[in-house]
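Next come the chains, spelled out residue by residue.
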Amino acid sequence: MQRKQETIWWLRKRDELLKVAGRHLNAYVYDLESIENAARDILSMRSVSRVLYAMKANFNADVLRTLARSGADFDCVSPGEVRHLREVLPDNAKDRILFTPNFAPRDEYEWGIKEGLRVTLDNLYPLKAWPELFDGQRLFIRIDPNQGGGHHEHVVTVGKRSKFGVSLSELDELKYLVGAAGATVIGIHAHSGSGINEPDNWAAVADALIEAADRFADVTVLDLGGGFGVPENRGDVRFDLSALDERLMAFKKQHPKYELWLEPGRYLVAVAGVLLAHVTQLKGKSEMRYVGVSTGMNSLIRPALYGAYHEIVNLTRISDEATETVTVVGPICESGDKLGTDRPFPRSQENDVILIANAGAYGRVMSSSYNLRDIPPEITL
Ligand code: LLP
């Protein structure tokens, strides 16, 4: 299932990328073939019955169509996501959508139920305050498995400091409220954090969910969420899906009653996307060297928000030796507008094309028009 390490797509397709950069000052470029490959890898796991793409990671229409064609279903977290998905894929069946809002107003649950979506509750509050909505409904419940992690504290979704999920200590109350509302629990859900690289995490999540699942006779699904890490640098090893599959097969052997679902976002799209920009200005300040580029935190907020690392290369001078250490900055009026700090870099010139890697997940979707700068167009290869 794991394909051998191959040259990263954006080196193979450098000429095409330079052509795109000839037409656009800045652009997100998505390689659909890479998305298909990632989807094939995860969909071929023997332990997993369904893969729901967490479309919050990238809602580009071609990306959604590619994933639907590959066999993925969808995790949507807002009515806006569901409506967008329907516009792009009008024939997509309702049962291919899991609707997982968080701290949403009453109306959104009412809407989801009326639309016939599979709805996930991640608090006791809706059952306590609006039990009439859930009478006769078949629900998923998001549990905080108290097992997880993430690349930054903002994306850890377990533990008391995280707002997500019903605590394992609330299972008695959950059981009572579900019964009182006249609902049936058919799935137990968790998402334990983002950017986790240890396959053992999901086996531990599955173990933690059993306690909740076993309380409800009609549960047939354990949705173990997303969060699979991606390589940050070209040489880094990829997430070990076969190891994960093995762990989950062992789990299934012990608990054959349950189907396992996964909900990857980043894994399917991060590496497939790059952000292209052009060098605007160069500057030395004390011992610092700055390479200014034509877009910044407005297009990719991850470095500023999480201190996330994204590989940056000068695509025009890809074969030139790195002779200096530079900080790559955008045009936004904040000192935090840095895409990369202290990077080995070749000597660059105005108008060189700069590529920022791993921008396919949480790039365009978290972009803004801060400083009234344009959001770059999205181009698919
Ligand atoms: N399922 C649920 C319920 C989620 O909340 C998320 C992500 C996922 C699945 C997919 O997680 P993934 O496989 O993409 O890690 N903006 C952050 C990531 C936030 C993730 C939020 N929830 C970043 O740029 O790293």
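Model, not experiment: these values are computed from the prediction.

Overall, the coordinates contain 18 salt bridges when judged by the stated rule. One salt bridge in this structure joins Arg65 and Asp62, with 2.9 Å as the shortest N-O distance. Linking Arg65 with Asp62, this pair stays in helix H4 (residues 61–70), spanning 3 residues, or about one helical turn. In this structure, Lys128 engages Glu173 in a salt bridge whose closest nitrogen and oxygen atoms are separated by 3.5 Å.

The next point concerns the site of the ligand. Residues in contact with the ligand amount to 19 residues; listed here are only the nearest, His151, Ser194, Glu263, Arg302 and Tyr362. A distance of 2.9 Å separates an oxygen atom of the ligand from a polar backbone atom of Gly265. Here an oxygen atom of the ligand and a side-chain polar atom of Tyr362 are 2.6 Å apart. Surface burial for the ligand is 92%, taken as the share of its 580 Å² of free accessible area covered by protein chains. Most atoms of the ligand, that is more than half of them, are within 2 Å of grid points of the largest pocket. Its residues assigned to classes, the shell around the ligand shows 6 nonpolar, 7 polar and 6 charged. When residues are assigned to domains, the shell around the ligand turns out to be shared by domain 1 (32–269) and domain 2 (273–380), each giving three or more.

The next subject is the packing of aromatic side chains. Per the stated rule, a full pass over the model turns up 9 aromatic pairs. Between Tyr109 and Phe134, the aromatic rings sit 6.4 Å apart at their centres with planes inclined by 75°, giving edge-to-face as the arrangement. Note that Tyr109 is positioned in helix H6 (residues 106–114) and Phe134 in the loop between helix H7 (125–129) and strand E6 (138–144), a separation of 25 residues in sequence. The exposure class of Phe134 is buried, given its relative accessible area of 0%. Three or more aromatic residues joined by ring pairs form one cluster here, namely Tyr109, Tyr125, Trp130 and Phe134.

The next point concerns the side chain of Asn60. Relative to the assigned elements, Asn60 resides in the loop between strand E2 (50–54) and H4. Assessed through its relative accessible area of 9%, Asn60 is described here as buried. Of the polar contacts made by the side chain of Asn60, one reaches the backbone nitrogen of Asp62; its length is 2.9 Å. Sequence-distant contacts of Asn60, that is, excluding residues within four places in its chain, are made with Tyr30, Glu378 and Thr380.

Attention now moves to the domain arrangement of the chain. Domain annotation for the chain reports domain 1 (32–269) and domain 2 (273–380). Distance between the C-alpha centres of domain 1 and domain 2: 33 Å. Contacts between the two partners involve 18 residues from domain 1, matched on the other side by 15 residues from domain 2. Around 1600 Å² of area is buried between domain 1 and domain 2 when both sides are counted, 48% of it from carbon and sulfur atoms. Interface area lost by domain 1 to domain 2 is led by Glu232, Arg234 and Arg266, which between them contribute 27%. Taken together, domain 1 and domain 2 are joined by 1 salt bridge.

Space inside the largest pocket adds up to approximately 660 Å³. Lining the largest pocket we find 33 residues, and of these Lys56, Phe164, His191, Ser194 and Tyr362 sit closest to its centre. Those elements that provide at least two residues to the lining of the largest pocket are helix H11 (266–269) and helix H12 (302–306). For the lining of the largest pocket, a count of residues per class yields 13 nonpolar, 11 polar and 9 charged. Mapped onto the domain boundaries, the lining of the largest pocket takes at least three residues apiece from domain 1 (32–269) and domain 2 (273–380).

By size, the foremost hydrophobic cluster in this structure holds 94 residues, and its most contacted members are Tyr53, Phe134, Ile188, Leu222 and Leu224. With 7 residues, the single largest contributor to this core is helix H9 (residues 200–213). Per-domain counts for this core show at least three residues from each of domain 1 (32–269) and domain 2 (273–380). When neighbours within four sequence positions are excluded, Phe134 is seen to be in contact with Tyr109, Ile113, Leu121, Pro126, Leu127, Leu139, Ala181, Gly182 and Ala183. Among the nonpolar cores identified, the runner-up in size contains 16 residues, and Ile8, Ala21, Ala27 and Ala357 belong to it.

Reading the values: rules and limits
- Residues numbered from 1 in each chain as written.
- Predicted model: local features only at pLDDT ≥ 70, side-chain atom pairs only at ≥ 80, totals over all residues.
- Heavy atoms only, no water.
- Salt bridge = Lys/Arg side-chain N within 4 Å of Asp/Glu carboxyl O.
- Helix = DSSP H or I, 4+ residues; strand = E, 2+ residues; numbered from the N terminus.
- Near = heavy atom within 4 Å.
- Polar contact = N/O pair within 3.5 Å; in protein donor to acceptor, adjacent residues only side chain to side chain.
- Areas by Shrake-Rupley, 256 points an atom, 1.4 Å probe, with all protein chains shown as cover.
- 1 Å grid on protein atoms, 1.4 Å probe; cavity = no way out; pocket = protein on both sides within 12 Å on 5 of 7 lines; lining within 4 Å.
- Sits in = over half its atoms within 2 Å of the grid points.
- Nonpolar A, V, L, I, M, F, W, Y, C, P; charged D, E, K, R; others polar.
- Domains from an automatic or database assignment.
- Phe/Tyr/Trp six-rings, centres within 6.5 Å; stacked < 30°, edge-to-face > 60°.
- Buried < 20%, exposed > 50% of the residue type's maximum accessible area, 1.4 Å probe, protein only.
- Contact = heavy atoms within 4.5 Å.
- Buried area = accessible area lost by both parts, 1.4 Å probe.
- Points joined across faces, edges and corners; volume = space filled by probe spheres on them.
- Core = buried A, V, L, I, M, F, W, Y, C linked by side-chain atoms within 4.5 Å.

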